[in-house]
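# Analysis of the macromolecular model
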Amino acid sequence: MEQKLLTPGPLLDENGDLVEAGYANSLVKTYDRKAIKAGKYRIKEWDYYYIGNADYGLALTIADNSYMSLVSASVLTFGAPCFERTSSDMAWFTKGKLGLPSTSKEGDLVYENKKKGISFAFKHENGKRRLIGTWDKFGKDGELLRFDVTLEETSPNSMVIATPFKKKKHFYYNQKINCLKANGYFKFGEEIFDLGKCYGVLDWGRGVWTYKNTWYWSSLNSTLKGKPFGWNLGYGFGDTSNASENMVFYGDKVFKLDDVRFDIPLTADGKDDFMAPWTFRSLGGDIRIDFQPIYNRHADTNALIIRSNQNQVFGLFKGYFLLDGQEVYFEDLPGFAEKVYNKW
């Protein structure tokens, strides 16, 4: 597969289509919401962070999907038994009113719902990212959630891809910043969780999506032999003939991969068995990964014309990548892999 490297310039042409499809290691294309020519309710923008280790994690989302907005947090622990709490705050017909920045490089994102005691801020401070927030009555038991975490990039490289859909004026512009070194904490109820030994990932997405789609995504952010190590693997939607979103990050280097597939086991009746061991493979044989699930953060929201069926599975990975002709082995590293089906 020959993958096309994006060149600097505007993301969209005068018709609202991608100027070019491909990948880059930074946001070389300029995203401008005003340049979109599709229906105003088809635009989807989000900033999603996950910070965690083998013992616990924190997920934070601020999204404006035009017909609705979503501000959400999840607290997870992976002991026996595993524990999860998720709360979301939604509003209808926001149409970009949350003001998500047009780039991940700058611009602060602030959300408040004083009636519910919710305050989120994703900020840029001194070359780092700072996530600060409070949710007074979080989860089904109405406990306090508070977080203050700083994230520092460990590599100048990220995964950026511009993906067209078959439908005109529909596209996805995405950046994943892996191996963000964390410092800070989150407090849930009376317990405080130290994030100082954790790594995080930013999923920055802007685009116009088709109504029905499925995506597969895996992210790992850790260390290997004293160096930051992680990956972004994914597929499932759009025309990826010009580039995949598959990258491995090791130290300050980045390695581009071609085709990757997730082999999710099936039950006797042919359904995905998300808690059985998965494998990841490529046609070229340059990867082999075994994934042992620990917890499935499953949510299926079905409101007739709108549906989101999510299976975000956390667990431990082992295997190898073939990087620059050398096999790089790893084992028992924490991360997640997911399959998400949307009608939105």
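Not measured: the values here are computed from a predicted model.

Scoring rules and cut-offs
Residues numbered from 1 in each chain as written. Predicted model: local features only at pLDDT ≥ 70, side-chain atom pairs only at ≥ 80, totals over all residues. Heavy atoms only, no water. Helix = DSSP H or I, 4+ residues; strand = E, 2+ residues; numbered from the N terminus. Rg over C-alpha atoms; globule rule 2.2 N^0.38 Å. Buried < 20%, exposed > 50% of the residue type's maximum accessible area, 1.4 Å probe, protein only. Contact = heavy atoms within 4.5 Å. Areas by Shrake-Rupley, 256 points an atom, 1.4 Å probe, with all protein chains shown as cover. Lys, Arg positive; Asp, Glu negative; His and termini not counted. Charge placed at Lys NZ, Arg CZ, Asp CG, Glu CD. Core = buried A, V, L, I, M, F, W, Y, C linked by side-chain atoms within 4.5 Å. Pairing = 2+ DSSP bridges. Axes fitted to C-alpha atoms, helices over the stretch in contact; angles between N-to-C directions. Phe/Tyr/Trp six-rings, centres within 6.5 Å; stacked < 30°, edge-to-face > 60°. Lys NZ or Arg CZ within 6 Å of the ring centre and 35° of its normal. Disulfide = S-S within 2.5 Å. Salt bridge = Lys/Arg side-chain N within 4 Å of Asp/Glu carboxyl O.

### So, the overall build of the protein
When helices and strands are tallied, the protein shows zero helices and 24 strands. Relative to the 2.2 N^0.38 estimate, which gives 20 Å for 344 residues, the radius of gyration of the protein is 19 Å and therefore close to what a compact globule would have. Counting over 344 residues, the protein shows a buried share of 55%. Considering only intrachain contacts with a sequence separation of at least 6, the fraction spanning at least 24 residues in the protein is 54%. Here the protein has roughly 15,600 Å² of accessible surface; of this, 49% comes from carbon and sulfur atoms. Of note, the protein has its 45 positive side-chain charges centred 6 Å away from the centre of its 43 negative side-chain charges.

### Some details on the nonpolar core
Ranked by size, the top nonpolar core spans 48 residues in total, and within it Ile-62, Phe-120, Leu-131, Phe-171, Tyr-173 and Phe-186 carry the most contacts. The leading source of residues in this core is strand β13 (residues 171–188), at seven residues. In this structure, Leu-131 is in contact with Tyr-49, Ile-51, Leu-60, Ala-121, Phe-122, Phe-147, Asp-148, Val-149 and Leu-151, ignoring residues within four places of it in sequence. Residues Tyr-216, Trp-231, Tyr-250 and Leu-257 belong to the second largest nonpolar core, which totals 28 residues.

### What to know about the sheet that holds strand β24 (residues 326–343)
With antiparallel pairing, nine strands are arranged side by side in an open sheet as β19-β18-β17-β16-β24-β23-β22-β21-β20. Of all strands in the sheet, those bounded by a partner on one side alone are β19 (253–256) and β20 (261–263). The sheet shows a mean angle of 20 degrees between the axes of neighbouring strands, taken without regard to direction.

### Considerations on the pairing of strand β10 (residues 128–138)
Here strand β9 (residues 118–125) runs beside β10; their pairing, made up of eight bridges, is antiparallel. In the strand pairing of β10, Phe-120 is matched with Gly-133. Where β10 and strand β11 (residues 143–152) come together, eight bridges link them in antiparallel fashion. Paired with Phe-138 across the two strands is Glu-143, which belongs to β11. The antiparallel pairing of β10 with β11 creates a hairpin that spans four residues between the two strands, and Gly-139 there sits at a positive phi of about 80 degrees.

### Points about the packing of aromatic side chains
Taken as a whole, this structure holds 52 aromatic pairs when the rule is applied. Note on Trp-217 and Phe-336: the rings are 5.0 Å apart at their centroids and 85 degrees apart in plane angle, and the pair reads as edge-to-face. Residue Trp-217 is found in strand β16 (residues 212–224), and its partner Phe-336 is found in strand β24; the two are separated by 119 residues along the sequence. Residue class for Trp-217 comes out buried when judged on its relative accessible area of 5%. Between the NZ or CZ atom of Lys-176 and the centre of the ring of Trp-217, over which it lies, the distance is 4.7 Å. Across the ring face of Tyr-250, the terminal group of Lys-227 is positioned such that the distance to the ring centre comes to 5.4 Å.

### Quick look at the environment of Tyr-50
Assignment of secondary structure puts Tyr-50 in strand β4 (residues 43–52). Overall, Tyr-50 belongs to the buried group, its relative accessible area being 8%. For the pair Tyr-50 and Val-201, spaced 151 residues apart in sequence, the C-alpha to C-alpha distance is 5.5 Å. In this structure Tyr-50 touches Tyr-56, Gly-57, Leu-58, Ala-59, Leu-76, Phe-78, Tyr-199, Gly-200, Val-201, Phe-314 and Phe-336, once residues within four positions along its chain are discounted.

### Quick notes on the state of the cysteines
Covalently bonding the sulfur atom of one cysteine to the sulfur atom of another cysteine gives a disulfide. By the definition in use, this model includes zero disulfides. A disulfide-free cysteine, Cys-82 has its sulfur positioned 16 Å from the sulfur of Cys-198, the nearest such atom. For Cys-82, a relative accessible area of 25% corresponds to the partly exposed category. Left unpaired, Cys-179 is separated from the closest cysteine sulfur, that of Cys-198, by 13 Å. What makes Cys-179 buried here is its relative accessible area of 3%.

### Here's the deal with the pattern of salt bridges
For the structure shown, the criterion picks out 16 salt bridges. Across the pair Arg-307 and Asp-300 runs a salt bridge whose closest N-O atoms are separated by 2.7 Å. Looking at Arg-307, the relative accessible area reads 24%, which means it is partly exposed. Salt bridges linked by common partners bring Lys-4, Glu-20 and Lys-29 together as one network.

Bear in mind that shape data such as this cannot, by itself, settle questions of function.
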